[in-house]
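# Coordinates in review
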Amino acid sequence: ENLLNNVLAAIPSDLNRDEWVAALPRALVAGFVKTDKDFQERARTSGTTVTFVIVEGWVVSVASVGDSRCILEPAEGGVYHLSADHRLEINEEERDRVTASGGEVGRLNTGGGTEIGPLRCWPGGLCLSRSIGDLDVGEYIVPVPYVKQVKLSSAGGRLIISSDGVWDAISAEEALDCCRGLPPEASAEQIVKAAVGKKGIRDDTTCIVVDILPSEKPAASLPPPKKQGKGIIKSMFKRKSSGSSSNIEKEYLEPDEVEELFEEGSAMLSERLDTKYPLCNMFKLFMCAVCQVEVKPGEGVSIHAGTANCPKLRPWDGPFLCASCQEKKDAMEGKRSSGGTYFTSPPDIVCVDLLGEANRTNLLSCR
């Protein structure tokens with residue numbers, strides 16, 4: 001209900017289309033952290049994974065925490081994973097981050113030295129290292145999203161956004177194959193049926209399918225993609241050089257293939273909220289970079305405070321955080337105890353974990 005508004009509030013006003021797209025990665029991080037902070041202030045302990053997609057023209061921006069996923073099949077063929085899995089079982093980098101921040105990672109101990117199930121974070125027992133709202137497992141379970149931004153060719157493509165109940169049962173290729181030639185709504189229903197039919201209902205099973213098409217083509221006429229070898233998938237990406245960041249989307253030229261504009265997965269806010277392109281001059285100096293409240297001169301804390309680069313910075317170097325957001329940043333990075341109350345009871349089951357209860361009518365769900 002609030003995530004989209006929190007993201008949009010973090011984007012400066014009066015930006016043109018290209019600048020707006022370039023500002024999205026930073027705004028997505030701020031919006032996710034702000035939403036998680038609001039959860040904590042309301043003492044909500046049950047959290048959610050999130051896969052959040054914004055389509056602007058041919059540019060697709062995806063922010064994700066947890067193990068819901070977004071995949072892309074461009075019209076030219078191939079499969080692209082636009083989200084990251086933050087499962088402790090498969091992500092060694094995230095395991096190291098959690099333990100370095102003060103958490104413990106291990107399997108459920110049934111007594112007598114016997115351990116079962118996937119790796120979990122303790123306290124709380126969550127299998128994920130990132131989510132929004134899981135207050136009961138400590139603040140080293142962070143809401144900082146992995147963000148990927150790509151630009152499609154004018155031929156378009158298909159997005160599949162699904163919760164883990166789908167991906168635990170079928171692969172990305174199977175999901176795409178089972179709905180080949182169907183319109184989006186029928187495709188989403190078919191994917192859910194395929195997942196449930198293969199393993200039964202074991203977890204949240206939710207799916208959204210979005211076709212990105214040239215405006216003159218009807219939604220149901222997406223042509224089947226050309227079959228290409230697996231080796232073509234990586235070669236289709238064309239990463240922009242760091243020196244061209246300020247010219248992202250210049251003149252909005254249409255590429256002939258999928259082009260990667262941005263990718264970052266660090267959990268450190270000092271890296272994610274620092275703007276390395278001229279757009280930084282457009283961000284208000286005395287506004288908290290996360291919650292967008294006004295920070296009086298002398299009260300804001302630089303996002304770089306406590307980092308190795310801090311001695312080189314001038315007192316007015318931002319972006320800045322308000323006191324409460326700085327406290328949250330320190331807790332996420334293991335620099336202080338969160339001071340929160342930990343609960344040992346299992347969290348409530350969140351049935352729809354992509355867009356929230358308010359948008360349930362827009363989703364195809366199976367419980």
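It should be noted that the structure appears before, not after, this text.
Below or above, wherever it landed, is the structure these notes cover. The structure presented is a predicted model; accordingly, all values stated were derived computationally and were not measured. (Residues numbered from 1 in each chain as written. Predicted model: local features only at pLDDT ≥ 70, side-chain atom pairs only at ≥ 80, totals over all residues. Heavy atoms only, no water.)

### What to know about the overall build of the chain
Threshold: Starting at the N terminus, helices and strands are each numbered in turn, a helix being any DSSP run of H or I of at least four residues and a strand any DSSP run of E of at least two. Burial here depends on accessible area, computed with a 1.4 Å probe over protein chains only, as a share of the maximum for the residue type. Under 20% is buried, over 50% is exposed, and the range in between is partly exposed. Any two residues having at least one pair of non-hydrogen atoms within 4.5 Å are treated as being in contact. Only the protein chains shown count as cover for residues, with accessible areas throughout obtained via the Shrake-Rupley method and a probe of 1.4 Å.
If you tally the helices and strands in the chain, you get nine helices and 13 strands. Looking at the chain as a whole, 50% of its 367 residues qualify as buried. Contacts in the chain between residues far apart in sequence, at least 24 positions, make up 69% of those at least 6 positions apart. Summed over all atoms, the accessible surface of the chain reaches about 17,600 Å², with 51% contributed by carbon and sulfur.

### Quick notes on helix H3 (residues 92-100)
Count 3.6 residues to each turn of an α-helix, and residues three or four apart come out pointing the same way. For the record, the criterion: In this context, the arc is that of the directions from the helix axis out to the C-beta atoms. Nitrogen and oxygen atoms within 3.5 Å of one another constitute a polar contact, given that in protein one can donate a hydrogen and the other can accept it, and given that sequence-neighbouring residues count only through two side-chain atoms.
When H3 is considered as a whole, its buried residues turn out to be Glu-94, Arg-97 and Val-98. Down the axis of H3, the buried side of the element spans an arc of 95°, and every buried residue falls inside it. For H3, the exposed residues set more than 90 degrees away from the buried face come down to Glu-92 and Ala-100. Lining the buried residues of H3 we find strand E5 (104-111), strand E6 (114-122) and helix H9 (323-332). For H3, the capping residue at the N-terminal end is Asn-91, with a side-chain oxygen 3.3 Å from the backbone nitrogen of Glu-93.

### Concerning the environment of Gln-149
Within the secondary structure layout, Gln-149 lies in strand E7 (residues 146-151). The residues touching Gln-149, leaving out its near neighbours within four places in the chain, are Val-21, Leu-24, Pro-25, Val-59, Val-60, Ser-61, Glu-259, Glu-260, Leu-261 and Phe-262. A polar contact of 3.0 Å, which involves the side chain of Gln-149, links it to the backbone oxygen of Val-21.

### Focus on empty space enclosed by the protein
Any empty space left between atoms is shown by rolling a water-sized probe over those atoms. Applied cut-off: Of the grid points, spaced at 1 Å and generated over the protein atoms alone, those admitting a 1.4 Å probe that cannot get out make up cavities, while open sets with protein on both sides within 12 Å along at least five of seven lines make up pockets; any residue with an atom within 4 Å of a point is treated as lining. Grid points are joined across faces, edges and corners, and a volume is the space filled by probe spheres set on the points.
On inspection of all chains with the given rule, the structure shows four cavities of 30 Å³ or more. Computed from the structure, the second largest cavity encloses a volume of approximately 50 Å³.

### Notes on H9
With seven of its 10 residues buried, H9 lies for the most part within the structure. Considered for burial, the residues of H9 that qualify are Cys-325, Gln-326, Lys-328, Lys-329, Asp-330, Ala-331 and Met-332. For H9, the elements touching its buried residues are helix H2 (17-41), H3, helix H8 (269-272), strand E11 (301-302) and strand E12 (320-321). Once H9 ends, the next one or two residues include Gly-334, with phi positive near 75°.

### What about the side chain of Asp-67?
Examined against the element boundaries, Asp-67 turns out to sit in the loop between strand E2 (59-65) and strand E3 (69-74). Exposure remark for Asp-67: the relative accessible area of 6% places this residue in the buried category. Within the local environment of Asp-67, its side chain forms a polar contact with the side chain of Arg-87, the two groups lying 2.8 Å apart. Excluding residues that lie within four positions of it along the chain, Asp-67 makes contacts with Thr-49, Asp-85, Arg-87, Leu-128, Asp-164 and Trp-167.

### Describing the environment of Thr-48
Within the fold, Thr-48 resides in the loop between H2 and strand E1 (50-56). Sequence separation of Thr-48 and Gly-133 is 85 residues, and the distance between their C-alpha atoms is 6.5 Å.

### Comments concerning unusual backbone geometry
Between Trp-122 and the following residue, Pro-123, the backbone shows a cis peptide bond with an omega angle of 5°. Inspection of the secondary structure puts Pro-123 in the loop between E6 and E7.

### Points about the nonpolar core
Selection criterion: By nonpolar core is meant a set of buried Ala, Val, Leu, Ile, Met, Phe, Trp, Tyr and Cys residues that side-chain atoms within 4.5 Å join together.
In this structure, Leu-28, Phe-32, Phe-52, Leu-269, Leu-273, Cys-288 and Leu-321 are the most contacted members of the largest nonpolar core, which totals 35 residues. Only helix H1 (3-9), H2, E1, E2 and H9 provide two or more residues apiece to this core. Judged by nonpolar contacts, the second largest core, of 18 residues, contains Trp-167, Ala-175, Val-192 and Val-196.

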